[in-house]
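Below, each chain spelled out in residue letters.
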Amino acid sequence: MKVSAPKFSISYGGERTISFRFSADQDAQAKNIVDTLQEKEIELTAKVYSEKRSLNANNFSWALTDKLSDHMVIRGVKLSKDEMHAEMIFRYGQLLKDSDGNNVVISTAQGVPVRDFYPYAKEFGEGDVNGKHFTHYRIYRGSHTYDSKEMATFIAGIVEECEEQGIDARTPEERARMLEAWKP
């Protein structure tokens, strides 16, 4: 639930309260939360609100990735659509962070097929610990977790890749506007 203007207060009796402002169209949702949780002890977590990316943006990123994959096959580079999407994630995506904001890194015994169970793991090094050889991976978030700003950065990178390959990367809306502008 999107809220704003948090307030903290202490009554004369010492009762502490946190309150938030929300829009009238959220009345039913707020009432349901209060009714459901009123007599229960709860754990409250708050984070800064960010616009979620739209399904249209996600569909557009996949459409561009598919075009890029098809184009590269013609040029002799054989990457499946999923492999091309993973490559775009590695180039323009977001690293997974832990709760302290550090990049998530995993190390596995050499030969463990990490990409079989996590497609957005990118190898970045190797090392030995107690005589055993390990491979180190950076972990990237899937694009389905991106907010609108992160998705815009991701799409901008894919668009740039497409344009470098001579692939038309305009949205259907952009094409329609161009056609309309050319009508007499």
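See the structure above.
Predicted, not measured: the structure shown is a model, and the values here were computed from it. (Residues numbered from 1 in each chain as written. Predicted model: local features only at pLDDT ≥ 70, side-chain atom pairs only at ≥ 80, totals over all residues. Heavy atoms only, no water.)

## What about the overall build of the chain?
Put simply, the rule is: Runs of E in the DSSP output that reach at least two residues are strands. Runs of H or I that reach at least four are helices, and both are numbered from the N terminus. With C-alpha atoms as the basis for the radius of gyration, the globule rule is written as 2.2 Å multiplied by the number of residues raised to the power 0.38. Here, Shrake-Rupley sampling with a 1.4 Å probe gives the accessible areas, and only protein chains in the shown set may cover a residue. In this charge count, Lys and Arg are treated as positive and Asp and Glu as negative; neither His nor the chain ends contribute. Every charge is mapped onto a representative atom, which is NZ of Lys, CZ of Arg, CG of Asp or CD of Glu.
Scanning the chain from N- to C-terminus turns up 6 helices and 5 strands. Reading the chain from its N end, one meets helices and strands in the order β-β-α-α-α-β-α-β-β-α-α. By the compact-globule yardstick of 16 Å for 184 residues, the chain is too spread out, its C-alpha radius of gyration being 24 Å. Total accessible area on the chain stands at roughly 13,500 Å², and carbon and sulfur atoms take up 54% of it. The chain carries 25 positive and 29 negative side-chain charges, and their two centres are separated by 3 Å.

## Digging into the pairing of strand E1 (residues 4-10)
The test is simple: By this definition, two strands are paired if DSSP reports at least two bridges between them.
Across 5 bridges, E1 lies against strand E2 (residues 16-21) in antiparallel orientation. Bridge assignment links Ser9 to a residue of E2, and that residue is Thr17. Between the end of E1 and the start of E2, which pair antiparallel, lie 5 residues, with Gly14 showing a positive phi angle near 95°.

## Describing the sheet that holds strand E4 (residues 121-129)
Note the following rule: As a rule, the C-alpha atoms of each element are fitted with a line to give its axis, helices using only the stretch in contact, and angles between N-to-C directions run from 0 to 180 degrees.
With respect to topology, 3 strands assemble into an open sheet ordered E3-E5-E4, the strand pairing being antiparallel. Each end of this open sheet is capped by a strand with a single partner; those strands are strand E3 (105-109) and E4. When the angles between neighbouring strand axes are averaged without regard to direction, this sheet yields 30°.

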